[in-house]
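Summary of structural features
These are the residues of each chain, in order.
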Amino acid sequence: MASKASQRLIVALDVPTVEEARALITSLGKMVGCYKIGLELLITGGGDLARELAEDGMDVFIDAKLLDIPRTVERATANVAEMGAKFLTVHGHDRQTLEAAAAGRGKSDLKLLAVTVLTSVDGGDLAQQGVAIPAEDLVAQRAKFAKQAGFDGVVASPAEVGAIRQAVGSKLSIVTPGIRPAGAAKGDQKRVASPATAIKNGADYLVIGRPITQAEDPKAATQAILDEIKKALK
Ligand code: C5P
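Reference entry: report on the structure contained in this document. (Residues numbered from 1 in each chain as written. Predicted model: local features only at pLDDT ≥ 70, side-chain atom pairs only at ≥ 80, totals over all residues. Heavy atoms only, no water.)

1. Topic: helix α8 (residues 161–168)
To keep things clear, this is the line we draw: Burial classes follow relative accessibility: with a 1.4 Å probe on protein chains only, a residue under 20% of its type's maximum area counts as buried, one over 50% as exposed, and anything between as partly exposed. Strands here are runs of E lasting at least two residues and helices are runs of H or I lasting at least four, both read from the DSSP assignment and numbered beginning at the N terminus. Regarding the arc, it is the one traced by the directions from the helix axis to the C-beta atoms. Between two residues, a contact is recorded if the distance between any of their heavy atoms is within 4.5 Å.
When we look at burial in α8, the residues that qualify are Val-161, Ala-163, Ile-164 and Val-168. Along the axis of α8, the buried positions cluster into a sector of 160°, meaning they face one direction only. The elements touched by buried residues of α8 are α7 (135–148), β6 (153–155), β7 (173–176) and α9 (195–201). Positive backbone phi, at 80°, marks Gly-169, one or two positions downstream of α8.

2. Topic: helix α11 (residues 218–233)
Helical periodicity: at 3.6 residues per turn, an α-helix aligns residues three or four positions apart in one direction. Where we set the bar: For a helix, the expected span equals 1.5 Å multiplied by the number of residues minus one.
The end-to-end C-alpha distance of α11, which contains 16 residues, comes to 22 Å, matching closely the 22 Å that a straight helix rising 1.5 Å per residue would cover. For α11, the full list of buried residues reads Pro-218, Ala-221, Thr-222, Ile-225, Leu-226, Ile-229 and Ala-232. Each buried residue of α11 sits inside an arc of 135° when the element is viewed along its axis, so together they form one side. Away from its buried face by more than 90 degrees, α11 exposes Lys-230 and Lys-231. Considering only its buried residues, α11 is in contact with α1 (5–8), β1 (9–12), α2 (18–28), α9, β8 (205–208) and α10 (210–213).

3. Description of the packing of aromatic side chains
Heads up, the rule is: The pairing test for Phe, Tyr and Trp rings, Trp by its six-membered ring, is centres within 6.5 Å, and the orientation test on the planes gives stacked under 30 degrees, edge-to-face over 60, and tilted for anything in between.
If you walk through the whole model with that rule in mind, you get two aromatic pairs. Pairing Phe-61 with Phe-87 gives two aromatic rings, centres 5.4 Å apart and planes at 45°, and the pair type is tilted. Here Phe-61 is found in strand β3 (residues 59–66), whereas its partner Phe-87 is found in strand β4 (residues 87–91), with 26 residues between them in sequence. With respect to class, Phe-61 is no different from Phe-87; both count as buried. Summarising the aromatic geometry, the rings of Phe-87 and Tyr-205 are spaced 5.5 Å apart at their centres and angled 70° between planes, so their arrangement reads as edge-to-face. With Phe-87 in strand β4 and Tyr-205 in strand β8, this residue pair connects regions lying 118 residues apart in the sequence. Residue Tyr-205 is classed as buried on the basis of its relative accessible area, which comes to 11%. Taken together, the ring pairs in this structure connect Phe-61, Phe-87 and Tyr-205 into an aromatic cluster.

4. Here we look at the environment of Arg-22
Topologically, Arg-22 is positioned in helix α2. On the basis of relative accessible area, Arg-22 is assigned to the partly exposed category, the value being 35%. As a C-alpha pair, Arg-22 and Leu-53 span 31 residues in sequence and 9.9 Å in three-dimensional space. In this structure, Arg-22 is in contact with Leu-49 and Glu-52, ignoring residues within four places of it in sequence.

5. Observations concerning the sheet that holds strand β5 (residues 111–115)
The line we're drawing: Think of it this way: DSSP has to see at least two bridges between two strands before they count as a pair. In this analysis, axes come from line fits to C-alpha atoms, helices being fitted only over the stretch in contact, and the angle between any two N-to-C directions falls in the range 0 to 180 degrees.
One closed barrel accounts for eight strands, arranged β1-β2-β3-β4-β5-β6-β7-β8; its pairing is parallel. Strand-to-strand twist of the sheet, defined as the mean angle between neighbouring strand axes without regard to direction, takes the value 25°. The pairing of β7 with β8 spans two bridges and is parallel. Considered in β8, the bridge of Val-175 is made with Tyr-205.

6. Digging into the packing of α2 against helix α3 (residues 39–55)
Let me state the cut-off plainly: Convention used here: angles under 35 degrees read as roughly parallel, angles over 145 as roughly antiparallel, angles from 65 to 115 as roughly perpendicular, and any remaining angle as oblique.
Following both chains from N to C, one finds α2 and α3 inclined at 40°, their axes separated by 9 Å at the closest point. Between α2 and α3, the angle is such that the two are oblique. Along its contact with α2, which presents Val-18, Ala-21, Arg-22 and Ile-25, the element α3 presents Leu-41, Thr-44, Gly-45, Gly-46, Leu-49, Glu-52 and Leu-53.

7. Description of the nonpolar core
Where we set the bar: Residues belong to one nonpolar core when they are buried, are Ala, Val, Leu, Ile, Met, Phe, Trp, Tyr or Cys, and are joined through side-chain atoms within 4.5 Å.
Within the largest apolar cluster, 67 residues are counted, with the highest numbers of intra-cluster contacts made by Leu-9, Ile-37, Ile-62, Leu-88 and Phe-151. In this view, Leu-9 contacts Val-32, Gly-33, Cys-34, Leu-206, Ile-208, Ile-212, Thr-222, Ile-225, Leu-226 and Ile-229; residues no more than four positions away in its chain are not counted. Ala-12, Val-115, Val-155 and Val-207 belong to the second largest nonpolar core, which has 11 residues in total.

So yeah, pure geometry; function would need other evidence.
Shown next as structure tokens:
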């Protein structure tokens, strides 16, 4: 696992336009190991931006959270692999979807990550969806599906890192969104932790959006997070 703080940090480019995303990338540059392009940006030119960044040698994370019939998932994954992206997310609800993504990646270097349970969801929300088991157990179950399908990692809350390691061992990378430095607003996130806690729990990568993108000074906010990660890694 990467030991440098910057290689652990993935910044979510959750902004309305490609122009705003470009401005953030220009400002943060190589302070950040990887930039994540999610649905908001994918729908408005994010795919071309991803290709461009990959051509410039940057690590790009396509957070498409795929969930569709197997053929569609397979073809979409093949197109993301062709873009030159480093990571792609797929919802980890069921084996067929994960296996379709694994088939679509072919022999490319694309790393597949299964989204276990969204960090904006808690036990009450799961009950509303008809799911009777605790989030942590569901996360562990889906991590096992991901491992069986040949995935490279999972996305989960920092609180579930231990349960995942227990369920699937240390081979899968664990990517944790729901990161909030002290004093930052939670927004719609529910299962949250600080950057230091996520690292100390054993997360491999931290996905951080609003605490950086909506900060008055995104560069200073990024530096403070990097300092916190660095300290926690010692
Ligand atoms: O702004 P914030 O730091 O909450 O952004 C978190 C990012 O991680 C968002 O882009 C969101 O889509 C993504 N994400 C998440 N929970 C997951 C998977 C991805 O919050 N389980």
